[in-house]
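One letter stands for each residue in the lines below.
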Amino acid sequence: MTCSGLSAKHGQEMSELHIIENGQVVITEGIIEFVGSSSEKYPVEHPENYEIIDATGKAVLPGFIDSHTHFIFGGYREEEFSWRMKGDSYMSIMNRGGGIYSTVNATRKASFEELKSAGKTRLDRMLAMGVTTVEGKSGYGLDSETELKQLRVMKELDMEHPVSIVSTYMGAHAVPEGYSEEAYIDYMLREVMPVIRRENLAECCDIFCEKGVFGTAESKRFLLAAKNMGFKLKIHADEIVNTGGAELAAELCALSADHLLQASEKGIAALSESNTVATLLPCTAFSLKEDYAKGREMIDAGCAVALATDLNPGSCFTSSIPLTIALACIYMKLSPEEAITALTINAAAALGKADSIGSIDVGKKGHLIISSFSNYRFLTYHIGMNCVERTIV
Ligand code: NIG
Ligand code: FE
């Protein structure tokens, strides 16, 4: 299936996968040159320079796009996971100085090479599950030095690894010790973000808009300033408590509002009328034992929904695309078609890249998956299993 399109698909459009039976794709110098039936013999200029890959009997689809991860971090938090299983809450661990703060300490201590080597291992696993583009956030340094270190690691990995990386500055992940919320926002805007712009280290900015972290008014001030500096916007919105994050994302024309477990009807309506993608992260709800975001209701209301893993060392330590698909279909009631749209063209739109990735269309990057089964329904039916035979970048 091609998932053909150049922008996010809303509501019912999410069910259209644009299937070509017995299809053929021609990729020249990394760019898709032809998509159509294999009964036509497409005339390429130098056939001897092309590799022919026979995918007979196998479904071919666009590469998956994991549009929300925190994959560059130091240390692990396996102890917190067992505390949570015994009833401790995510926010209470963070308020005691653990949670994000614990990873901040470990990431500050980690060397550039340590972060890069762990990041490479994680990218290799993603590629094996069909991921061809991943978004990665900073936010485990808070101070300028470590935030820039995280972003520079991603820049090098992007150049060296087949998985493409879209970097997001998320210094606004937590307020560091010794700062008020307001003073820390001023620090980021003054000291860190001009350097990121100058060195072209991140395309997007994100903020954890949450009760007890960054309030809605301060989030708005930060995001508006980021937008003026040329960053595209993303928001961790309405994850644990409803703070009107969905509405804020729509108002600011953010690329995406992410999490949305507690989004209100008003918030869902605001997203459905906007171009902001509702990015749902079902593995996080699963891992935190929270209720899932209202994926079915959002699509029925006309939203453009994307799915992502949220890979991070705390709330959700998995980069499993098969688990994401299974939870989305079983608990958020997405159809197999909607889940695929949510991981391809809508995820591309959540990164502002629907014109170059996310579907098998002429002119887009040649990022494809050959699955091990004859049709896409196996991706949802073969629960939690990797149905990707080969990822092509
Ligand atoms: O998306 N909620 C904030 N940020 C991450 C978790 C980060 C962490 O716990 O290390 C999230 O869930
Ligand atoms: Fe996140």
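Heads up: these notes are all about the structure in this document.

Concerning the environment of tyrosine 184
Relative to the helices and strands, tyrosine 184 is located in helix α6 (residues 181–199). Residue tyrosine 184 is classed as buried on the basis of its relative accessible area of 0%. Note: C-alpha distance between tyrosine 184 and alanine 174 (10 residues apart in sequence) is 9.5 Å. The residues contacting tyrosine 184, other than those within four sequence positions of it, are Leu142, Tyr169, Gly171, Ala172, Ala174, Val175, Pro176, Tyr179 and Phe214. One polar contact links the side chain of tyrosine 184 to the main-chain carbonyl oxygen of glycine 171, over a distance of 2.8 Å.

Notes on the pairing of strand β7 (residues 204–209)
Of all six residues in β7, six are buried, a share of seventy percent or more. The two faces of β7 match: Cys204, Asp206 and Phe208 on one face and Cys205, Ile207 and Cys209 on the other face are all buried. Sheet topology note: the strand β6 (residues 164–172)/β7 ladder contains three bridges and is parallel. Of the residues in β7, the one forming a bridge with threonine 168 is cysteine 204. Once you follow β6 into α6 and on to β7, the crossover reads as right-handed. Looking at chain direction, β7 and strand β8 (residues 232–237) are connected through six bridges and run parallel. Among the inter-strand pairings, aspartate 206 is bridged to a residue of β8, identified as lysine 234.

Digging into the coordination of the iron ion (ligand 2)
Those donors, His68 (NE2), His70 (NE2), His236 (NE2) and Asp310 (OD), are the protein atoms that reach the iron ion (ligand 2), and they lie 2.1 to 2.4 Å from it. Written as a sequence motif, the donor arrangement for the iron ion (ligand 2) is H-x1-H-x165-H-x73-D. Linking histidine 70 in the loop between β4 (64–66) and α1 (78–85) with histidine 236 in strand β8, this pair joins segments that are 166 residues apart in sequence. A relative accessible area of 2% means that histidine 70 is categorised as buried.

Examining the pattern of salt bridges
By the definition in use, this model includes 19 salt bridges. Where lysine 120 meets aspartate 124, a salt bridge forms, and the shortest distance between an N and an O atom there is 2.9 Å. Here lysine 120 pairs with aspartate 124, and both are found in helix α4 (residues 112–128), just four residues apart, close to one helical turn. On the accessibility criterion, aspartate 124 (33% relative accessible area) is partly exposed. For the salt bridge of glutamate 199 with arginine 152, the shortest nitrogen-to-oxygen distance reads 2.9 Å.

Topic: the sheet that holds strand β3 (residues 60–62)
Backbone hydrogen bonds are what pair the strands of a sheet, in a parallel or an antiparallel way. Judged by pairing direction, the sheet is antiparallel, and its three strands sit side by side in the order β3-β12-β13 without closing on themselves. With partners counted over all chains shown, the strands left at the sheet margins are β3 and β13 (388–392), one partner each. Between one strand and the next, the sheet's axes are offset by a mean angle of 25°, whatever the strand orientation. Here four bridges tie strand β12 (residues 368–371) to β13, and the two strands are oriented antiparallel to one another. When the sheet's bridge partners are listed, serine 371 is paired in β13 with valine 388.

So, the environment of lysine 266
By the element assignment, lysine 266 lies in helix α9 (residues 265–272). Given a relative accessible area of 63%, lysine 266 falls into the exposed group. The spacing of lysine 266 and phenylalanine 317 is 51 residues in sequence and 31 Å in space, taken between C-alpha atoms.

Quick notes on the site of ligand 1
Taken together, 15 residues form the shell around ligand 1, and within it Arg77, Tyr90, Tyr140, Glu239 and Ser315 come nearest. Within the complex, the protein chains bury 100% of what would otherwise be the 330 Å² of accessible surface of ligand 1. Residues that form the shell around ligand 1 fall into these classes: four nonpolar, eight polar and three charged.

Rules used throughout
Residues numbered from 1 in each chain as written. Chains lettered and ligands numbered in written order. Predicted model: local features only at pLDDT ≥ 70, side-chain atom pairs only at ≥ 80, totals over all residues. Heavy atoms only, no water. Helix = DSSP H or I, 4+ residues; strand = E, 2+ residues; numbered from the N terminus. Buried < 20%, exposed > 50% of the residue type's maximum accessible area, 1.4 Å probe, protein only. Contact = heavy atoms within 4.5 Å. Polar contact = N/O pair within 3.5 Å; in protein donor to acceptor, adjacent residues only side chain to side chain. Pairing = 2+ DSSP bridges. Right-handed = clockwise from strand over helix to strand, strands pointing away. Donors = N, O, S within 2.8 Å, 3.2 Å for Na, K, Ca; no water. Salt bridge = Lys/Arg side-chain N within 4 Å of Asp/Glu carboxyl O. Axes fitted to C-alpha atoms, helices over the stretch in contact; angles between N-to-C directions. Near = heavy atom within 4 Å. Areas by Shrake-Rupley, 256 points an atom, 1.4 Å probe, with all protein chains shown as cover. Nonpolar A, V, L, I, M, F, W, Y, C, P; charged D, E, K, R; others polar.

That's the geometry; what it means functionally is another story.
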